[in-house]
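# Tertiary structure, described
Listed below, chain by chain, are the residues.
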Amino acid sequence: MTGEELQQLDEAGWVALPGVMDDAFLQDIRARVEQLWDEEGADAGAEFRKEPGARRLANLVDKGEVFERVVSDPQVLEAVRHVLGEDFKLSSLNARSTDPWSLECQPLHCDAGAVADGSGFWVCNTIWLLDDFTPANGATRVVPGSQHWRTQPQQELADPQAPHPQETLVLGKAGTVVVMNTHAWHGGSANRTGQPRRALHAFYTRGDKPQQQYQKALLRPQTVAHLSPELRRILALDDPRNDELSSKITGMSGFLR
């Protein structure tokens, strides 16, 4: 990453990395998520939480090798490491598709309701743009710099769902990956088009925090059997500390509570 990219991540709380997905990789991911939405039907996303106005998928590491490439991309992990330090792990891998003509915004929130602690930042999300993010189709809105405020929007705002005077939209072409320090206040915006707006969310957390979705309990043996040592590390499969932290907790996002 360039110095300018790292500076934007530090100051604004997010940075866009164009072209992380080439055309073939992008098409493979699109095909697989649409297949899963067809196969899972009304149960899609049930391992996490369903959301009105959006299609969801959860536990994606267990649902195709294409997703293993997502969570272990070196360029993206470099940016995650810049936010969280060396000790981090995947917290969850989900997909979200904002429905056409879904006019409600998500409330502004911090992922996992997280506020930076004495050791610093502990949540970092990556948004894999499967469609262009435009001003009209439900692009993520974020309040730049709010990752430094050490408070949640639900504690400060009368209506976290309303537009914020400092918010900006995170825009980009399909194939881009946005890395976001999700202590920053953010949320999906309204989709005022007739097409869905699809994205993956590969969410990482610091090693001393629980996973949002406890990977060791979700992954099938046939998935675990072929994972590389690097993937096992990213998923915290051999980490007793993670077992203790994550086995007793069902994590939710900062607004799906």
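An account of the accompanying structure is given in this report. (Residues numbered from 1 in each chain as written. Predicted model: local features only at pLDDT ≥ 70, side-chain atom pairs only at ≥ 80, totals over all residues. Heavy atoms only, no water.)

### A word on the packing of aromatic side chains
Counted under the stated rule, the structure contains three aromatic pairs. The interplanar angle of 80° and the centroid separation of 6.3 Å between the aromatic rings of F25 and W128 together place this pair among those described as edge-to-face. With F25 in helix α2 (residues 23-40) and W128 in strand β4 (residues 123-129), this pair connects stretches of sequence that are 103 residues apart. With respect to burial, F25 and W128 carry one shared label: buried. With a centroid separation of 5.0 Å and 90° between ring planes, the pair formed by W149 and W185 is classed as edge-to-face. One end of the pair, W149, is in the loop between β5 (140-142) and α5 (153-156); the other, W185, is in the loop between β7 (177-180) and β8 (186-188), and 36 residues separate them in sequence. Accessibility expressed as a relative area gives 2% for W185, which makes it buried. It is R69 that lies over the ring of F25; its NZ or CZ is 3.7 Å from the centre. We note R233 situated over the ring of F88; from NZ or CZ to the ring centre the distance is 5.5 Å. (Phe/Tyr/Trp six-rings, centres within 6.5 Å; stacked < 30°, edge-to-face > 60°. Helix = DSSP H or I, 4+ residues; strand = E, 2+ residues; numbered from the N terminus. Buried < 20%, exposed > 50% of the residue type's maximum accessible area, 1.4 Å probe, protein only. Lys NZ or Arg CZ within 6 Å of the ring centre and 35° of its normal.)

### What about the packing of helix α1 (residues 3-11) against helix α4 (residues 74-84)?
The geometry of α1 relative to α4 is characterised by a closest axis approach of 11 Å and an angle of 45° between their N-to-C directions. Considering their axes alone, α1 and α4 lie oblique with respect to each other. Seen along the crossing, α1 lies across α4 with a hand that is right-handed. Across the interface between the two elements, L6, L9 and D10 from α1 touch A79, H82 and V83 from α4. Residues belonging to the contact of α1 with α4 are distributed by class as follows: four nonpolar, one polar and one charged. (Axes fitted to C-alpha atoms, helices over the stretch in contact; angles between N-to-C directions. Parallel < 35°, antiparallel > 145°, perpendicular 65-115°, else oblique. Left-handed = near helix turned anticlockwise from the far one by under 90°. Contact = heavy atoms within 4.5 Å. Nonpolar A, V, L, I, M, F, W, Y, C, P; charged D, E, K, R; others polar.)

### With respect to the nonpolar core
I29, W128, L200 and Y204 are the most contacted members of the largest nonpolar core, which totals 43 residues. Apart from the residues lying within four places of it in its own chain, the contact partners of W128 are V20, M21, F25, V70, D73, V76, T176, V177, R198, A199, L200 and A202. (Core = buried A, V, L, I, M, F, W, Y, C linked by side-chain atoms within 4.5 Å.)

### A word on the environment of F88
Checked against the element boundaries, F88 lands in strand β3 (residues 88-98). C-alpha of F88 to C-alpha of S189: the two residues are 101 residues apart in sequence and 29 Å apart in space. Leave out the neighbours within four places in its chain, and F88 touches L77, V80, R81, Y204, T205, R206, G207 and R233.

### Quick notes on the sheet that holds β8
Whether parallel or antiparallel, the strands of a sheet pair through hydrogen bonds between backbone atoms. On the basis of which strands lie adjacent, the open sheet formed by three strands has the order β6-β5-β8 and antiparallel pairing. Taken across any chain shown, the strands that pair with only one partner, and hence form the sheet edges, are β6 (168-169) and β8. (Pairing = 2+ DSSP bridges.)

### Points about the state of the cysteines
Per the stated rule, a full pass over the model turns up zero disulfides. In this structure C105 is not part of a disulfide, and its nearest cysteine sulfur, from C110, lies 17 Å away. Take C110: it sits in no disulfide, and the sulfur closest to it among the cysteines is that of C124, at 13 Å. Note on C110: relative accessible area 1%, which makes it buried. (Disulfide = S-S within 2.5 Å.)

### Quick word on α2
A turn of α-helix holds 3.6 residues, and therefore any two residues three or four places apart point the same way. If you check α2, its first and last C-alpha atoms are 26 Å apart, about what 18 residues at 1.5 Å a residue would give, namely 26 Å. Along α2, the residues that are buried comprise F25, L26, I29, R30, V33, L36, W37 and E40. Buried residues of α2 fall within an arc of 135° about the axis and therefore sit on the same side. Along α2, the residues that are exposed and aim more than 90 degrees away from the buried face are D23, D38 and E39. (Expected span 1.5 Å × (residues − 1). Arc of directions from axis to C-beta.)

### Looking at α4
Within α4, burial applies to V76, L77, A79, V80, V83 and L84. Angular distribution of buried residues about the axis of α4 spans 160°; they occupy a single face of the element.

### What about unusual backbone geometry?
Residue W101 is not a glycine yet carries a positive backbone phi of 55°. Here W101 lies in the loop between β3 and β4. Of note, the phi angle at R150 is positive, near 55°, even though the residue is not glycine.

### A few points about the side chain of R141
By the element assignment, R141 lies in strand β5. Take R141: its relative accessible area is 1%, and that puts it in the buried class. Polar side-chain contacts of R141 include one of 3.2 Å to the backbone oxygen of P160. (Polar contact = N/O pair within 3.5 Å; in protein donor to acceptor, adjacent residues only side chain to side chain.)

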